[in-house]
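Single-letter residue listing:
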Amino acid sequence: MDASMINKIQKASEYASQPERATFNSLTVAFHGENNAYVVSLEGDRWSCTCPGFQKYAICPHIMALENLFKPLLKRRPVPYSPGQNIVSDVKKAKRYSDQRDRIRIVSFDCTFEGYNKNHHITYNEGKWTSTASFFAQRGVCSHTMALEKILKGFVEPVRVQTLV
């Protein structure tokens, strides 16, 4: 491993301790609830979920769990409770879902990452990462993608590091 890669790994560790540097612009998640699998999406400030609760109330335990898990990366107010919603039951479910992280898999996201020198655009889609960082163009990995991998551990596929020959 060369000195520039070691430097990026060290920077990634620093970045990972500051998850607020990243902001999700969009997010798609496969969510395995207690009864069915659902797709939860965020586009800008708008959440959606394929579950019946969201269709009725425009909020559900799946979204509530994601708001809890990814709070530093969302930079937006949580979706308010809805009249008629079973708030106590939904809050309990959301807490349980937050603790059962294996129910959640990030399918894709688009985010802005505030680096030390400038902002970078990072995307993830079914295990494929992209970044506007020049180091990523050379190596297929950068401190920003490595930091996000640490922050989102278990929710995303690891970054595949290209080796120099």
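Structure: above.
Only a predicted model underlies this, so the values are computations on that prediction, with no experimental measurement involved.

Q: Explain helix α1 (residues 3-16) here, please?
A: Helical geometry: 3.6 residues make up each α-helical turn, so side chains three or four residues apart lie on a common side. Between its first and last C-alpha atoms α1 spans 20 Å; for 14 residues at 1.5 Å apiece the expected length is 20 Å, and the two agree. Considered for burial, the residues of α1 that qualify are Met5, Lys8, Lys11, Ala12, Tyr15 and Ala16. Taken around the axis of α1, the buried residues stretch over an arc of 135°, which confines them to a single face. Taken together, the buried residues of α1 touch β4 (104-114), α6 (134-139) and α7 (143-151).

Q: Help me understand helix α5 (residues 87-99) in this model?
A: Given a rise of 1.5 Å per residue, 13 residues ought to cover 18 Å, and the 18 Å separating the end C-alpha atoms of α5 matches this to within 8%. Where α5 is buried, its residues contact β1 (22-32), α3 (61-69) and β4.

Q: When you look at the nonpolar core in this model, what are you seeing that I'm missing?
A: In summary, soluble globular proteins display a tendency toward joint burial of nonpolar side chains. Residues Phe24, Leu27, Phe70, Ile106, Phe109, Trp129 and Leu148 are the most contacted members of the largest nonpolar core, which totals 49 residues. Sequence-distant contacts of leucine 148, that is, excluding residues within four places in its chain, are made with Ala22, Leu73, Phe109, Cys111, Phe113, Ile122 and Trp129.

Q: Is there a simple way to think about the packing of α1 against α7 in this case?
A: Viewed as axis vectors pointing N to C, α1 and α7 meet at an angle of 45°, and their least axial separation amounts to 8 Å. The pairing of α1 with α7 is recorded here as oblique in orientation. Remark: the crossing between α1 and α7 carries right-handed chirality. In this structure, α1 contributes Met5, Lys8, Ile9, Lys11, Ala12, Ser13, Tyr15 and Ala16 to the contact, and α7 contributes Ser143, His144, Met146, Ala147, Lys150 and Ile151. When grouped by side-chain class, the residues that make up the contact of α1 with α7 number 8 nonpolar, 3 polar and 3 charged.

Q: How should I be thinking about the pairing of strand β2 (residues 37-43) in this particular structure?
A: Look at any regular strand and the pattern is simple: side chains alternate between the two faces of the sheet. The pairing of β1 with β2 spans 7 bridges and is antiparallel. Across the sheet, phenylalanine 31 pairs through a bridge with tyrosine 38, a residue of β2. Hairpin connection from β1 to β2: 4 residues lie between these consecutive antiparallel strands. Bridge count between β2 and strand β3 (residues 46-49): 4 bridges; the pairing is antiparallel. Residue pairing across strands places glutamate 43 opposite arginine 46, the latter belonging to β3. The hairpin turn running from β2 into β3, its antiparallel successor, is 2 residues long, and glycine 44 in that turn takes a positive phi close to 65°.

Q: Honestly, the pattern of salt bridges in this entry has me stumped. Any pointers?
A: Oppositely charged side chains may form a pair once their charged atoms are brought near each other. Summed over all chains, the structure comprises 4 salt bridges. Residue arginine 139 is joined to aspartate 2 by a salt bridge in which the shortest nitrogen-to-oxygen separation is 2.6 Å. With arginine 139 in helix α6 and aspartate 2 in the segment before α1, this residue pair connects regions lying 137 residues apart in the sequence. Here aspartate 45 makes a salt bridge to arginine 76, at a shortest N to O gap of 3.1 Å. With aspartate 45 in the loop between β2 and β3 and arginine 76 in the loop between α4 (71-74) and α5, this residue pair connects regions lying 31 residues apart in the sequence. Accessibility expressed as a relative area gives 22% for arginine 76, which makes it partly exposed.

Rules used throughout
- Residues numbered from 1 in each chain as written.
- Predicted model: local features only at pLDDT ≥ 70, side-chain atom pairs only at ≥ 80, totals over all residues.
- Heavy atoms only, no water.
- Helix = DSSP H or I, 4+ residues; strand = E, 2+ residues; numbered from the N terminus.
- Expected span 1.5 Å × (residues − 1).
- Buried < 20%, exposed > 50% of the residue type's maximum accessible area, 1.4 Å probe, protein only.
- Arc of directions from axis to C-beta.
- Contact = heavy atoms within 4.5 Å.
- Core = buried A, V, L, I, M, F, W, Y, C linked by side-chain atoms within 4.5 Å.
- Axes fitted to C-alpha atoms, helices over the stretch in contact; angles between N-to-C directions.
- Parallel < 35°, antiparallel > 145°, perpendicular 65-115°, else oblique.
- Left-handed = near helix turned anticlockwise from the far one by under 90°.
- Nonpolar A, V, L, I, M, F, W, Y, C, P; charged D, E, K, R; others polar.
- Pairing = 2+ DSSP bridges.
- Salt bridge = Lys/Arg side-chain N within 4 Å of Asp/Glu carboxyl O.

Distances and angles like these do not, on their own, reveal function.
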